[in-house]
Amino acid sequence: MTNILTIAWNNIKRNAKEKRVIIMMVIFPIVLILILGNALKTSFEPTSMGEINVGFLNNDNEEISKQFEEFLYSDEVTDIVDIKKVSSFEDGKSQLDENKIDSFIYISEGYTSAVGSSDKKAEIEVVSSDVAGYKSTVVTSIVDSFINGANVTSALNQLTNEGSTVSRYEGEDVVKDVVITASGNKPRAIDYYAITMFVMILMYGIAFVSESLSEEMFGTMKERFRSLPVKTHEMFIGKTLGSLVLLFMQGLIIFGITKYGFNVDWGNNFGFVLLMLLIISLFATAFGIMLCTVAKNVDQIRGLINMLVPLFTFIGGGYFTIDLGFLKYLSPNYLMQSAFFNNIYGGNAGTTLTYILVLVGLIGVISLLSVIQGRRKLA
């Protein structure tokens, strides 16, 4: 154990002393985030909303839901969004998945009776999937405006005892955000690129792991290491542990500078940030080990890293917002970024957990493949 910790500590100290490592690990990503955040900020501040297509389904068809439907088809609303009725909840979700509509408003059966009941919760569901867009915010605001107006009507009814129905509303609690909605808040350019570049730079940590281990597997130090009174697995674990700690420290520094220096929105859950930092560091470390076991030399490793990391970043929408459909799920960057955005901007907790479990599963599979291939290579 002592040998492992000593090797890990020496690996951290040696890399931390190199100016090239400091520049690439800390200074470069900070400058990159700052440049992209300022240069592209106008693309995150839309001057024209464009067409917003909204699916609508009213399964209640009673007094209050009809009032909402009248409001939804009023001139002031239809000037902003294009309302399209759907045949069922499944049809609405299907059209949303196929990008035929941008959001889906759903009123379930019994909504009106729930509004007038003290023990039932009335909900107008707003279903959306645009995490970084503004369209879901617009639709949610439209629903909110109806609810706010209804609150005033309800209060007047109770004060004057007028009207046959005394409406009971619960403000924001009446609007239920499903999957991913911005809920009135969306990332600025610097918020978006702080997350995507944070993930990309940590993924480049694959190179630190690979180069550290390649000394033993490919480099001129190979025979020297094997002549030392240190077992092969101790050298391997020590260097891996050192690289993992180095990546984790890098992530903490970038997080601290962007949060407190650039006022980047990382959400209010510091524990979640630490968890994601650990998962990304473990993934990069495991991936770096795997490359060492499958590549023939150091140059081949570098070539694979320089090809895969930019590709993962592009597919995941790291350079600019893009939706490549199912292809995006092939990028670990997308899973990492989406977990962050979901947590920060009020996305579905189940979706976030799914992304995390997939990443943990990938770490396990990659590690298993590395062990199998590594035994053959070091034999």
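Quick note: structure is the one above.
Residues numbered from 1 in each chain as written. Predicted model: local features only at pLDDT ≥ 70, side-chain atom pairs only at ≥ 80, totals over all residues. Heavy atoms only, no water.

Trainee: Break down the packing of helix 8 (residues 189–203) against helix 13 (residues 298–315) for me, citing the residues and quoting the values.
Mentor: Contact geometry of helix 8 with helix 13 gives a least axis separation of 10 Å together with a crossing angle of 160°. The orientation of helix 8 with respect to helix 13, classified from their angle, is roughly antiparallel. Helix 8 and helix 13 meet at a crossing whose hand is right-handed. Contacts between helix 8 and helix 13 involve Met197, Met200 and Met203 on the former and, on the latter, Val309, Phe312 and Thr313. In the contact of helix 8 with helix 13, the residues fall into 5 nonpolar, 1 polar and no charged. (Axes fitted to C-alpha atoms, helices over the stretch in contact; angles between N-to-C directions. Helix = DSSP H or I, 4+ residues; strand = E, 2+ residues; numbered from the N terminus. Parallel < 35°, antiparallel > 145°, perpendicular 65-115°, else oblique. Left-handed = near helix turned anticlockwise from the far one by under 90°. Contact = heavy atoms within 4.5 Å. Nonpolar A, V, L, I, M, F, W, Y, C, P; charged D, E, K, R; others polar.)

Trainee: Report on the environment of Leu252, specifying residues and quantitative values.
Mentor: Mapped onto the secondary structure, Leu252 falls in helix 11 (residues 232–261). Distance from Leu252 to Leu277, taken between C-alpha atoms, is 8.0 Å for residues 25 residues apart in sequence. Not counting the four nearest positions on each side in its chain, Leu252 is found in contact with Leu274 and Leu277.

Trainee: Go over the pattern of salt bridges with me, naming the residues and quoting the values.
Mentor: A side chain with one charge can pair with a side chain of the opposite charge if their charged atoms come near. All told, the structure shown has 3 salt bridges when counted by the stated rule. Of the charged contacts in the structure, one is a salt bridge between Lys100 and Glu98, with a shortest N-O distance of 3.3 Å. Accessibility expressed as a relative area gives 49% for Lys100, which makes it partly exposed. The closest approach of N and O atoms between Arg188 and Asp191, which form a salt bridge, is 2.8 Å. For Arg188, a relative accessible area of 41% gives the class partly exposed. (Salt bridge = Lys/Arg side-chain N within 4 Å of Asp/Glu carboxyl O. Buried < 20%, exposed > 50% of the residue type's maximum accessible area, 1.4 Å probe, protein only.)

Trainee: Go over helix 5 (residues 89–97), please, and point to the residues and values.
Mentor: Residues spaced three or four apart along an α-helix face the same direction, because each turn holds 3.6 residues. Restricting attention to buried positions, one finds in helix 5 the residues Gly92, Gln95 and Leu96. Buried residues in helix 5, looked at end-on, bunch into an arc of 105°, giving them a common side. Across helix 5 from its buried face, at more than 90 degrees, point the exposed residues Glu90 and Asp97. Of the residues trailing helix 5, Asn99 is marked for its positive phi of about 65°. (Arc of directions from axis to C-beta.)

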